[in-house]
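Observations on the model geometry
These are the residues of each chain, in order.
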Amino acid sequence: MDKLTLIRPDDWHLHVRNGEMLRQVINHTARQFARAIIMPNLKPPVTTVEHALAYRNEILAALAPDSNFNPLMTLYLTDNTRITDIEAVAQSEQIIALKLYPAGATTNSDAGISALEKAFPVLEAMQKYDIPLLIHGEVTASEYDIFDRERLFLEQKLCVLTEKFPDLRIVLEHVTTEEAVHFVETASRHVAATITPQHLLFNRNAILAGGIRPHYYCLPVLKREKHRVALIKAATSGNPKFFLGTDSAPHPTHLKENSCGCAGCYSAHAAIELYAEAFAQENALNKLEGFASLHGPDFYRLPRNQDRITLIRESWRVPEHYGQGTLQITPLQAGEEIRWKLQ
Ligand code: NCD
Ligand code: ZN
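Now for a description of the structure that goes with this document.

Reading the values: rules and limits
- Residues numbered from 1 in each chain as written.
- Chains lettered and ligands numbered in written order.
- Predicted model: local features only at pLDDT ≥ 70, side-chain atom pairs only at ≥ 80, totals over all residues.
- Heavy atoms only, no water.
- 1 Å grid on protein atoms, 1.4 Å probe; cavity = no way out; pocket = protein on both sides within 12 Å on 5 of 7 lines; lining within 4 Å.
- Points joined across faces, edges and corners; volume = space filled by probe spheres on them.
- Nonpolar A, V, L, I, M, F, W, Y, C, P; charged D, E, K, R; others polar.
- Helix = DSSP H or I, 4+ residues; strand = E, 2+ residues; numbered from the N terminus.
- Polar contact = N/O pair within 3.5 Å; in protein donor to acceptor, adjacent residues only side chain to side chain.
- Contact = heavy atoms within 4.5 Å.
- Donors = N, O, S within 2.8 Å, 3.2 Å for Na, K, Ca; no water.
- Buried < 20%, exposed > 50% of the residue type's maximum accessible area, 1.4 Å probe, protein only.
- Near = heavy atom within 4 Å.
- Sits in = over half its atoms within 2 Å of the grid points.

What follows deals with empty space enclosed by the protein. Summed over the entire model, instances satisfying the criterion amount to three cavities of 30 Å³ or more. Considering only enclosed or pocket space, the largest cavity measures out at about 100 Å³ in volume. Along its surface, the largest cavity is lined by 16 residues, and H15, T106, L219, D247 and A249 are the ones closest to its centre. Looking at the lining of the largest cavity, its residues break down into five nonpolar, eight polar and three charged. Of the volumes computed, that of the second largest cavity is approximately 50 Å³. What lines the second largest cavity is H215, A249, P250, H251, K256, G264, C265, Y266, I329, T330 and L332. The residue makeup of the lining of the second largest cavity, split by class, is six nonpolar, four polar and one charged.

In structure tokens, the structure reads:
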């Protein structure tokens, strides 16, 4: 197969920041995807409907003039989120979910939930209004090994949530382990998961073997090869519980190449091409459309897109950088060849 046409995909997990960085990155996403769920971990976090709508307007203003891209917004669940906030989200077409970060789990997550029980009344309201909860699934206490944090979250936290709120729709974001795949497969139809391109393409050697490569460092961190294999299996299985979410998370190069480098891989420059690469390695390109374009809208109960994109088998070299100065970003696979190209 040298040419692949798909219903236009959506990105169900994306960070675009704001200000100058937003203007630099947003059109990479908008040229491939019709919609994206925009994560709320700005400084300060997006916790109110007013803030989310203002942020959405900032994103729309940063788009190329001919773009039809539709940003779908989220609120950041904090210890101070009120039932009235949930009622306001239920009334909004532009805000479609809330994001749960355990406090301290990742970039800009200090405002996250300090104890799950504190959120129970709000989760009850989300279940009632059928608003999806998007979860960064890692425990955060410093005694836990970083490679175990996702598995422990399933065992200690997520099983409590799915039992207490059986009708709450949940997306376990950016799954990275075979345990998470198994949890989602065996949970109710209300539980789904996104998978990033880096977790399909690389294992933890990419960060640590032969030198430290900070541009492969994200959270949850890349895991062993057996976990990558489990993720590939899930993504190419045709199971509608698994869909595309890049978790593209731009950080300036100087903050990645640092004695304490930030977590996050920038993949928006080549997102659908990177997924095509991963599916092609598995001889499963025929499963890409379901994963990238169908399962997500079906889970969120949104219409599937009408138009199509075409990928051709043609190698191109990823630039070493995008942008300049303090805004310079080093993209995933900088300087490497990618064998699929968006037409
Ligand atoms: C994300 C970011 O930089 O905002 N980083 C990451 O490593 N994935 C936050 C997140 O989704 O964890
Ligand atoms: Zn993320």
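What follows continues from the structure just given.
By the element assignment, H136 lies in the loop between β6 (133–135) and α5 (149–164). Looking at H136, its side chain comes within polar contact range of the side chain of E138, at 2.9 Å. In contact with H136, other than residues within four places in its own chain, are K99, L100, Y101, P102, A105, T106, F153, H174, L219 and P220.

Let us look at the coordination of the zinc ion (ligand 2). Surrounding the zinc ion (ligand 2) are the protein donor atoms H13 (NE2), H15 (NE2) and D247 (OD), which sit 2.0 to 2.1 Å from the metal. On the primary sequence, the residues serving as donors to the zinc ion (ligand 2) are separated as H-x1-H-x231-D. Separated by 232 residues along the polypeptide, H15 in the loop between β2 (11–14) and α1 (19–30) and D247 in the loop between β9 (242–244) and α10 (253–256) bring together distant segments of the chain. Relative accessible area serves as the criterion here: at 7%, H15 is assigned to the buried category. The exposure class assigned to D247 is buried, which follows from its relative accessible area of 6%.

Attention now moves to the environment of L123. On the secondary structure map, L123 appears in helix α4 (residues 120–129). Its relative accessible area of 0% is what places L123 among the buried residues. Measuring from C-alpha to C-alpha, the distance between L123 and T78 comes to 12 Å, with 45 residues separating the pair along the chain. Ignoring sequence-local partners within four residues, the contact set of L123 consists of L77, L133, L161, F165 and L168.

Another point: the site of ligand 1. Taken together, 15 residues surround ligand 1, and among them R17, N41, T106, L219 and D247 come closest. Note that an oxygen atom of ligand 1 is positioned 2.8 Å from one of the side-chain N or O atoms of R17. In the model, an oxygen atom of ligand 1 is placed 3.2 Å from a nitrogen or oxygen of the G264 main chain. Its atoms largely coinciding with the cavity grid, ligand 1 occupies the largest cavity. Taken together, the residues of the shell around ligand 1 sort by class into four nonpolar, nine polar and two charged.

Limitation: the analysis is restricted to geometry and does not speak to function.
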